[in-house]
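This is what each chain is made of:
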Amino acid sequence: MSAAMPPLVSMRGLSKSFAGVRALDAASFELRAGEVHALMGENGAGKSTLMKVLAGIHARDAGAIEVAGQAVGIDSPRAALALGISIVHQELNLMSHLSAAQNIFIGREPRRGLGLFLDEARLEAQAARIFERMNLRLDPRARVGDLTVARQQMVEIAKALSFDARVLIMDEPTAALSNQEVEDLFRVIRQLREEGVGVVFISHKMDELQRIADRVTVMRDGRTIATLPMAGTAMETIIRMMVGREIEAATRAVPDTSARPVALEVSHLCRGTAVMDVSFHVRQGEILGFAGLMGAGRTEVARAVFGADPVDAGEIRVHGRPARIRAPRDAVAHGIGYLSEDRKQYGLATAMDVQTNIAMTALPRFLRLGAFLDGAALAEAAGRHVRQLGIRTPSLAQPVKLLSGGNQQKVVIAKWLLRDCDVLFFDEPTRGIDVGAKAEIHALIDALAAEGKAIVMISSELPEILRLSHRVLVMCEGRVTGELAAHEATQERIMQLATRRRASAAPPTTPASADPALQ
Amino acid sequence: MTQANPSEHARMSSVPTPSRPAALAFVKARLWRPAARQKLLAFASLIALLVFFSFASPSFLAVDNIVSILQATAVNGVLAVASTFIIVSGGIDLSVGTLMTFCAVMAGVALTELHLPLPVGIAVAIGAGVLSGFVSGSLVARLKIPPFIATLGMMMALKGLSLVISGTKPIYFNDTPGFSAISQDSLIGDLVPALPIPNAVLILFLVAIAAAVALNRTLLGRYTFALGSNEEAIRLSGVNVDFWKVVVYATGGGICGIAGLLIASRLNSAQPALGQGYELDAIAAVVIGGTSLSGGAGTLLGTIIGAFIMSVLTNGLRIMSVAQEWQTVVTGVIIILAVYADILRRKART
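Conventions we followed
- Residues numbered from 1 in each chain as written.
- Chains lettered and ligands numbered in written order.
- Predicted model: local features only at pLDDT ≥ 70, side-chain atom pairs only at ≥ 80, totals over all residues.
- Helix = DSSP H or I, 4+ residues; strand = E, 2+ residues; numbered from the N terminus.
- Rg over C-alpha atoms; globule rule 2.2 N^0.38 Å.
- Buried ≥ 20, exposed ≤ 12 C-beta atoms within 10 Å, placed from the backbone.
- Contact = placed C-beta atoms within 7 Å.
- Expected span 1.5 Å × (residues − 1).
- Pairing = 2+ DSSP bridges.
- Axes fitted to C-alpha atoms, helices over the stretch in contact; angles between N-to-C directions.
- Domains from an automatic or database assignment.
- Nonpolar A, V, L, I, M, F, W, Y, C, P; charged D, E, K, R; others polar.
- pLDDT = per-residue confidence, 0-100.
- Core = buried A, V, L, I, M, F, W, Y, C linked by C-beta atoms within 7 Å.
- Parallel < 35°, antiparallel > 145°, perpendicular 65-115°, else oblique.
- Left-handed = near helix turned anticlockwise from the far one by under 90°.

A. Examining the overall build of chain A more closely. Counting its secondary structure elements, chain A contains 18 helices and 24 strands. For 519 residues, the compact-globule estimate of 2.2 N^0.38 gives 24 Å, and the C-alpha radius of gyration of chain A, at 26 Å, lies within 12% of that figure. Across its three principal axes, chain A shows a C-alpha extent of roughly 75 × 65 × 45 Å. Out of the 519 residues belonging to chain A, those deemed buried represent 47%.

As structure tokens, then:
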């Protein structure tokens, strides 16, 4: 490729905020024709947002985009498609009852007979031509619902190509694929690269990226940190750039809980491919951090222990005694509480008032004459927790949806405290919460542990894990890939464990070399 | 009245306004809550209808006609109360009309064929309603059949059962002294001769008050609202949602049993072919009264006002000699307008 030729895509000074939160901060990105370009960064680094701006899904606040040297204003997915920019989302957007061909050309069906009838034959022929180009054996008439996830993904890619895509963006395309299926995907990607398509590949899986990508761009906190050739760049370098922040001084005193009684013990928990043979325990007064990338199976473990989802196998012991948990109410009866990552959907009845939400776990305790709710007792108990946790609300009758995110989270905490739960699962406890309230929630979690509660904290934010955990468990693809004591835990080591795929033979660099330097 | 809006916003931004006189603030807070506003709108519509019809037709305000409106409201009103429970919980019950008939037929069997005493007959009717509600609730909660389909099936099954049990013939209560008094006598009229309000209406109000207490003051009511607002969050709070769903449908069923007694008493017979169509009138009354079809919000006062709007409308149009066909058209338009007003209100809030 000649040096004079402008890059296929050039993005400069891209900024984008959502409701005051800065997702992109003058980020830049460049894609050449005929390259596979890896886009890497921690959760929330801005990778997906940047690509959604390019695909016209989000409108940019500031910045310039050029496609093949021409300045363009991409204001809709339609405009992006017209420029030959297609995106394959992490979640597949296919209609499972329609055939592969019908899915590919949905909204653009060829017609015949004065445009009144669908031309199924031409539809299938066109789809078959795209599959041929991808060197893929797939029946255009196959019902998408009958295909494997990998083949469905191929249909999505075919759909993207059907728009004459010059730029193909793939957001974590291998998340749900087996190793063989990943090979098939890579073959198709290489084929496209040969044809001069620019492929953006968002992924966390280092080993895969090293095999497929030509260049890598690392993002952090909405900014572009660097763009490097993939060959010759060490994994550690990339991880360090992704993590970036200076490691906080490990001056924090971690209480020694090793002699405290075990509050919850989970052995060999299995649930399909989401949770595979997971065992762990947490002691009274201990904060066990659950680290890992999104989709590593941490939420699934919590939901399974809590009885929210059925399990295939596994044993749960609460305070040493076997517990049979088949529904959330069994878990609650054993004193286990679960604070979901999605408060509004799973934690609160947002249209209802503060008092009712706080008491929701224990309403039957507030009955008079067997059926009537004792309003005064309810108000007293809810009010006590509102004061104790410092929930800022004008009254107990305030609908929860009118509270801030931090205060909503405190309402969820109050609800489990009211029920006297002594094992608490916090799933992303500070997601969507502003910085000030975040510190308050952290202090609260610390205080709860000091009171003797056993706490399992799932978080995708490494600083949060490092700041609060007494012990860290790392998961990847449904398995526990490592356990670190507080003094051993560093962002680099957690990231290494969090990206360790079971099938990849190459072991990650041994932590021994990094360890002494950090002590 | 628009100046009340800023106070609403002040409340929403969670800044209390202690400077206002407490009583005024209370009235405004109460009456201008979104749920209350729809009720107010419905109530104003009811008054407007009453005023309009009394000018349009001199016979509208005649005592006989008023009593007839009240009688007509009683049955639909009680069914609407039953529907309110189920709709607030996030469900729907299409079987309330034919269930009412089924309960009436069961009362007929108990009283005229088995010659059981009147209180037993009443208990049989209500018991049949609870049982049917239990079945509907179990279909929805345990078998996870969507409420629309489960209760559509129940609607048909109950209609068929009523015809089978009665041998497709009406069951007359001529041999049961006192049965027609349930609906047609007037206890209030006995005490205050100037107010010949039929017992059916008295029962409607007693049922509505009891239901309002249940919905607002009891565990059942709190869970009913909670189910409608966020069922999954409630399940994850450790509440046995399947059990409470069944209880909600069974409660609705029991109230349908009361409606069955009212209509059988008014007609002095159980008419097995009757019933279909009542469920839609009941749902219309609930919706006009401001209860959200998506669940989690609603009041029984609104439902009662909604039921009265429906019957005043029907009665008034009939008195004005509007053709039956057009009455139906007007009712349909009113329902659409009521729901659209509700949508506008929701949009304004967000």
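On we go.
B. View of the overall build of chain B. When its secondary structure is counted, chain B shows 15 helices and two strands. By the burial criterion, 49% of the 350 residues in chain B qualify as buried. Restricting to contacts in chain B with at least 6 residues of sequence separation, those with at least 24 account for 76%.

C. Spatial organisation of helix H5 (residues 149-162) of chain A. Residues and elements named next belong to chain A. Compared with the 20 Å implied by 1.5 Å per residue over 14 residues, the 20 Å span of H5 between its first and last C-alpha is a close match. In this fold, the buried residues of H5 make contact with strand E6 (85-88), helix H3 (100-104), helix H4 (120-133), strand E9 (167-171) and helix H6 (179-194). Of the residues one or two after H5, aspartate 164 is the one with positive phi, at around 55 degrees.

D. Broad picture of the sheet that holds strand E10 (residues 198-202) of chain A. Residue and element names in this part refer to chain A. The sheet built from six strands is open, its strands ordered E6-E9-E10-E3-E11-E12 with mixed pairing. Every other strand in the sheet has two partners, leaving E6 and strand E12 (223-229) as the edge strands with one partner each. Going from strand to strand, the sheet's axes swing by 20 degrees on average, the running direction of each strand aside. Bridge count between strand E3 (residues 36-40) and E10: four bridges; the pairing is parallel. Bridged to leucine 39 within E10 is isoleucine 202. Packing against the sheet, H6 makes contact with E3, E9 and E10, and its axis sits at approximately 145 degrees to E10.

E. Just the pairing of E6(A), in detail. Residues and elements named next belong to chain A. Across the two faces of E6 the burial is the same, with Ile85 and Ile87 and Ser86 and Val88 all buried. In the sheet, E6 pairs with E9 via four bridges, with the strands oriented parallel. For isoleucine 85, the partnering residue across the bridge sits in E9 and is valine 167.

F. View of the sheet that holds strand E18 (residues 336-339) of chain A. Residues and elements named next belong to chain A. One open sheet holds the six strands; their spatial order is E18-E21-E22-E15-E23-E24, and the pairing between them is mixed. Of all strands in the sheet, those with a lone pairing partner are E18 and strand E24 (479-485), marking the two edges. Averaged over all pairs of adjacent strands, the angle between strand axes in this sheet comes to 20 degrees, irrespective of strand direction. Against the sheet, helix H17 (residues 491-498) contacts strand E15 (287-292), strand E23 (471-476) and E24, and its axis sits at roughly 35 degrees relative to E23.

G. Spatial organisation of the environment of Gly198(A). All names here are of chain A. Locating glycine 198 in the fold gives a position in strand E10. What makes glycine 198 buried here is the crowd of 24 C-beta atoms within 10 Å. It is 53 Å that separates the C-alpha atoms of glycine 198 and valine 318, two residues lying 120 residues apart in sequence. Residues in contact with glycine 198, not counting those within four places in the same chain, are Leu8, Val9, Leu31, Arg32, Ala33, Gly34, Glu35, His37, Arg166 and Val167.

H. Structural view of the domain arrangement of chain A. Residues and elements named next belong to chain A. Segmentation of chain A into domains returns domain 1 (7-84 + 165-243), domain 2 (95-163) and domain 3 (262-518). Its C-alpha centre places domain 1 at a distance of 33 Å from the equivalent point of domain 3. Taken together, the contact pairs eleven residues of domain 1 with 15 residues of domain 3. The class makeup of the residues in the side of domain 1 that touches domain 3 is four nonpolar, three polar and four charged.

I. Just the confidence of the model for chain B, in detail. Residue and element names in this part refer to chain B. Residues at a pLDDT of 70 or more form 88% of chain B, whose mean pLDDT is 86. The lowest-confidence element of chain B is helix H1 (residues 4-12), averaging 39 in pLDDT; the highest-confidence one is helix H6 (residues 118-141), averaging 97. Contacts of residues 1-20 to residues separated by more than four positions or lying in other chains number 16 contacts, the stretch itself having pLDDT below 50.

J. Summary view of the interface of chain A and chain B. Counting residues at the interface gives 27 residues for chain A, matched by 22 residues for chain B. Broken down by secondary-structure element, the contributors of at least two residues to the side of chain A that touches chain B are helix H10 (328-333), helix H11 (343-347) and strand E20 (372-373) of chain A. Partitioning the side of chain A that touches chain B into residue classes produces 18 nonpolar, seven polar and two charged.

K. Summary view of the nonpolar core. With 247 residues, the main nonpolar core has Leu54(A), Phe201(A), Ile455(A), Val78(B), Leu79(B) and Ala107(B) as its most contacted residues. Ranked by the residues each element gives to this core, the list is headed by helix H12 (residues 241-267) of chain B, at 15 residues. Those residues in contact with Ile455(A), other than ones at most four positions away along the chain, are Ile287(A), Leu288(A), Leu424(A), Phe426(A), Ile445(A), Leu448(A) and Ala449(A).

L. Here's a closer look at the environment of Ala213(A). Residue and element names in this part refer to chain A. Relative to the helices and strands, alanine 213 resides in the loop between helix H7 (206-212) and strand E11 (215-220). A tally of 24 C-beta atoms within 10 Å means that alanine 213 is categorised as buried. On a C-alpha basis, the gap between alanine 213 and arginine 392 in space is 50 Å, while along the polypeptide they are 179 residues apart. What alanine 213 contacts, discounting residues up to four positions off in sequence, is Val36, His37, Ala38, Phe201 and Met230.

M. Structural context of unusual backbone geometry. Positive phi is not limited to glycine here, since His268(A) has a value of about 50 degrees. With respect to the secondary-structure elements, His268(A) resides in strand E13 (residues 262-271). Overall, the presence of 11 C-beta atoms within 10 Å leaves His268(A) in the exposed class. Within the chain, Thr168(B) stands out as a residue other than glycine whose phi angle is a positive 60 degrees. For Thr168(B), the position within the fold is in the loop between helix H7 (147-166) and strand E1 (171-172).

N. Main features of the packing of helix H11 (residues 219-235) of chain B against H12(B). Residue and element names in this part refer to chain B. Relative orientation of the contacting elements H11 and H12 amounts to 140 degrees, with a least axis distance of 10 Å. One element, H11, and the other, H12, form an angle in the oblique class. For the element pair H11 and H12, the recorded crossing hand is left-handed. In this structure, H11 contributes Leu220, Tyr223, Thr224, Leu227, Glu231, Ile234 and Arg235 to the contact, and H12 contributes Val241, Trp244, Lys245, Val247, Val248 and Thr251. Here the contact of H11 with H12 is built from residues that sort into eight nonpolar, two polar and three charged.

O. Local environment of the packing of H5(A) against H6(A). Residue and element names in this part refer to chain A. Where H5 contacts H6, the two axes come as close as 10 Å, and the packing angle between them is 15 degrees. With respect to H6, the axis of H5 lies roughly parallel. Read as a crossing pair, H5 and H6 show a hand that is right-handed. Contacts between H5 and H6 involve Ala150, Gln153, Met154 and Ile157 from the former and Glu181, Asp184, Leu185 and Val188 from the latter. In terms of residue class, the contact of H5 with H6 is made up of five nonpolar, one polar and two charged.

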